[in-house]
Amino acid sequence: MANFRVLPYATTKTVFDQTLDEVRGAAESQKITPLLHWLEHNEHNPWILQCLSSATAQMNLKDWKTTSFTTRWDKVVVIGYCSAWEET
């Protein structure tokens, strides 16, 4: 099965999307219902997946690298989308 844990380390959107597609394909072929439900939920709430990786977040790379994961995740939960972190 594709390793879902590599998504936060994807360096380009292409790699992120390819990995996510591999995870989805493996979940479908192995009928992993909880993962399929989670993926479906995140398709309806795209900001969640967008905030997993610097490749998909709308946060500049310098800020991404200097902000701890837990802080970024707290912002995801409270704000609900990455674009709120864009530099002004």
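Our structure is the block above this text.
Conventions used here
Residues numbered from 1 in each chain as written. Predicted model: local features only at pLDDT ≥ 70, side-chain atom pairs only at ≥ 80, totals over all residues. Heavy atoms only, no water. Helix = DSSP H or I, 4+ residues; strand = E, 2+ residues; numbered from the N terminus. Expected span 1.5 Å × (residues − 1). Buried < 20%, exposed > 50% of the residue type's maximum accessible area, 1.4 Å probe, protein only. Arc of directions from axis to C-beta. Contact = heavy atoms within 4.5 Å. Axes fitted to C-alpha atoms, helices over the stretch in contact; angles between N-to-C directions. Parallel < 35°, antiparallel > 145°, perpendicular 65-115°, else oblique. Left-handed = near helix turned anticlockwise from the far one by under 90°. Nonpolar A, V, L, I, M, F, W, Y, C, P; charged D, E, K, R; others polar.

### Notes on helix 1 (residues 13–29)
Count 3.6 residues to each turn of an α-helix, and residues three or four apart come out pointing the same way.
Phase 1 of the analysis: Over its 17 residues, helix 1 runs 24 Å from end to end, which matches the ideal 24 Å to within 8%, given 1.5 Å per residue.
Phase 2 of the analysis: Listed as buried for helix 1 are Phe-16, Thr-19, Leu-20, Val-23, Arg-24, Ala-26 and Ala-27. Along helix 1, the residues classed as buried sweep out an arc of 165° about the axis, all on the same side.
Phase 3 of the analysis: Buried-residue contacts for helix 1 involve helix 2 (33–44) and helix 3 (46–50).
Phase 4 of the analysis: One or two positions beyond helix 1, positive phi appears at Lys-31, with a value near 55°.

### As for the environment of Pro-8
Phase 1 of the analysis: Take Pro-8: it is sitting in the segment before helix 1.
Phase 2 of the analysis: The class for Pro-8 is partly exposed, based on a relative accessible area of 28%.
Phase 3 of the analysis: Counting along the chain gives 48 residues from Pro-8 to Thr-56, while the straight-line C-alpha distance between them is 9.4 Å.
Phase 4 of the analysis: Leave out the neighbours within four places in its chain, and Pro-8 touches Leu-52 and Ser-53.

### With respect to unusual backbone geometry
Phase 1 of the analysis: Located in the positive-phi region is Lys-31, a residue other than glycine, with phi close to 55°.
Phase 2 of the analysis: With respect to the secondary-structure elements, Lys-31 resides in the loop between helix 1 and helix 2.

### Some details on the packing of helix 1 against helix 2
Any two packed helices are characterised by how steeply their axes cross, that is the angle between the axes, and by the distance between the axes.
Phase 1 of the analysis: Put simply, helix 1 and helix 2 touch, their axes get as near as 9 Å, and they point 140° apart. Classified by the angle their axes make, helix 1 and helix 2 are oblique. In this structure, the crossing between helix 1 and helix 2 has a hand that is left-handed. The segment helix 1 lies against helix 2, with Leu-20, Val-23, Arg-24, Ala-27 and Glu-28 engaging Leu-35, Leu-36, Leu-39 and Glu-43.
Phase 2 of the analysis: Grouping the amino acids of the contact of helix 1 with helix 2 by side-chain chemistry returns six nonpolar, no polar and three charged.

Shape is all these values report; function is a separate question.
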